[in-house]
Amino acid sequence: LEFRRVLFRSKKQINQIENSVNNLTNVLNYSSSKDNEDWEPRILGLGVDIGGLIGISSQDKYKPTTIFLTITPIKFLRIETEISATFLSDNPSNYSDNYFAAGMFGMYQSGKTNIYMGFKLIKPETSTTVAISPTIGGEYIIGNHFSLGFEVGIPIAAENNKPNNVTSDIGFNHIIGRFYF
């Protein structure tokens, strides 16, 4: 019975995420014909997390301070690294940990809207835990150099010395402002 509750809750959470992504995609695609002109991707971008939360379904929630470096070598490929310091969201003065993440994504572009999907590897600085995170993100380009977007990841983590201790959470969620050079 407990397994059914966990499974039902997970399906419900996945459906909520899918609905949110669909709604955001619809909002981002609703624009004038001028806005639908293709934006030529810039090779290098620098972003900051302006409203993310880590650990949506876990008991401890963390507020990240994250810097993203985005590289787009070709129109359909995005490579992203991020460096972050995390703090407990209910007590911002309580520092938690740093982490480094690197990801590779396939990217779809329609006008000034970019949607990307792929995987990230996440490594906390002071832990033996390593996570792989299936990730989906999107952004809307404002002008030629700025974008506002989101990213949702579901990290699956295992400690190096305990391979049978695998955990998952709907966890790495970011609202990202980016500047493209």
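Residues numbered from 1 in each chain as written. Predicted model: local features only at pLDDT ≥ 70, side-chain atom pairs only at ≥ 80, totals over all residues. Heavy atoms only, no water.

(A) Spatial organisation of the overall build of the protein chain. When helices and strands are counted, the protein chain shows one helix and 11 strands. Scanning the protein chain from its N terminus toward the C terminus, one meets helices and strands in the order α-β-β-β-β-β-β-β-β-β-β-β. When the 181 residues of the protein chain are sorted by exposure, 38% land in the buried category. Once local pairs closer than 6 in sequence are excluded, the contacts in the protein chain between residues at least 24 apart make up 53%. (Helix = DSSP H or I, 4+ residues; strand = E, 2+ residues; numbered from the N terminus. Buried < 20%, exposed > 50% of the residue type's maximum accessible area, 1.4 Å probe, protein only. Contact = heavy atoms within 4.5 Å.)

(B) Here's a closer look at the packing of aromatic side chains. One pass over the structure, following the stated rule, counts four aromatic pairs. A ring pair is formed by phenylalanine 146 and phenylalanine 179, whose centres lie 5.2 Å apart and whose planes are at 65°; its orientation type is edge-to-face. Residue phenylalanine 146 is located in strand β8 (residues 146-153), and its partner phenylalanine 179 is located in strand β11 (residues 172-180); the two are separated by 33 residues in the primary sequence. Within the aromatic cluster, the residues linked to one another by ring pairs are Phe146, Phe179 and Phe181. Here arginine 78 stacks its cationic end above the ring of tyrosine 116, 4.5 Å away from the centre of that ring. A cation sits over an aromatic face here: arginine 178 above phenylalanine 68, 5.9 Å from the ring centre. (Phe/Tyr/Trp six-rings, centres within 6.5 Å; stacked < 30°, edge-to-face > 60°. Lys NZ or Arg CZ within 6 Å of the ring centre and 35° of its normal.)

(C) Main features of the side chain of histidine 174. Among the secondary structure elements, histidine 174 is positioned in strand β11. Judged by its relative accessible area of 3%, histidine 174 falls in the buried class.

(D) Region of interest: the pattern of salt bridges. What the rule picks out here adds up to six salt bridges. Salt-bridge contacts for lysine 120 lead to glutamate 151; the nearest nitrogen and oxygen are separated by 2.3 Å. Of the two residues, lysine 120 is situated in strand β6 (residues 113-124) and glutamate 151 in strand β8; the sequence distance between them amounts to 31 residues. Here glutamate 139 ties to arginine 178 by a salt bridge, and the two come within 3.2 Å at their closest N and O atoms. (Salt bridge = Lys/Arg side-chain N within 4 Å of Asp/Glu carboxyl O.)

(E) Quick look at the pairing of strand β1 (residues 44-49). The side-chain alternation of β1 yields one buried face, formed by Gly45, Gly47 and Asp49, and one unburied face, formed by Leu44, Leu46 and Val48. Judged from the five bridges that link them, β1 and β11 form a sheet pairing that is antiparallel. Following the sheet pairing, leucine 46 is matched in β11 by phenylalanine 179. (Pairing = 2+ DSSP bridges.)

(F) The environment of glycine 143, seen in detail. By the secondary structure assignment, glycine 143 is in the loop between β7 (129-142) and β8. Here glycine 143 falls in the partly exposed class, since its relative accessible area comes to 39%. Taking the C-alpha atoms as reference, glycine 143 lies 9.1 Å from lysine 112; in sequence the two are 31 residues apart.

(G) Quick peek at the pairing of β6. Examined bridge by bridge, β6 and β7 share 10 bridges and lie antiparallel to one another. Across the sheet, residue glycine 118 finds its bridge partner in β7, namely threonine 135.

(H) Region of interest: the side chain of serine 133. Locating serine 133 in the fold gives a position in strand β7. When its relative accessible area of 1% is taken as the criterion, serine 133 is described as buried. A polar atom in the side chain of serine 133 sits 3.3 Å from the backbone nitrogen of isoleucine 154. With near-sequence residues (within four places) excluded, serine 133 lies in contact with Gly118, Phe119, Lys120, Ile122, Gly153, Ile154 and Pro155. (Polar contact = N/O pair within 3.5 Å; in protein donor to acceptor, adjacent residues only side chain to side chain.)

(I) How the structure looks around the environment of arginine 42. Inspection of the secondary structure puts arginine 42 in the loop between α1 (2-29) and β1. A relative accessible area of 25% means that arginine 42 is categorised as partly exposed. Residues arginine 42 and tyrosine 180, 138 residues apart in the sequence, show an inter-C-alpha distance of 6.0 Å. Setting aside its immediate chain neighbours within four residues, arginine 42 contacts Thr72, Asn144, His145, Tyr180 and Phe181. At a separation of 3.2 Å, a polar atom in the side chain of arginine 42 contacts the main-chain carbonyl oxygen of asparagine 144.

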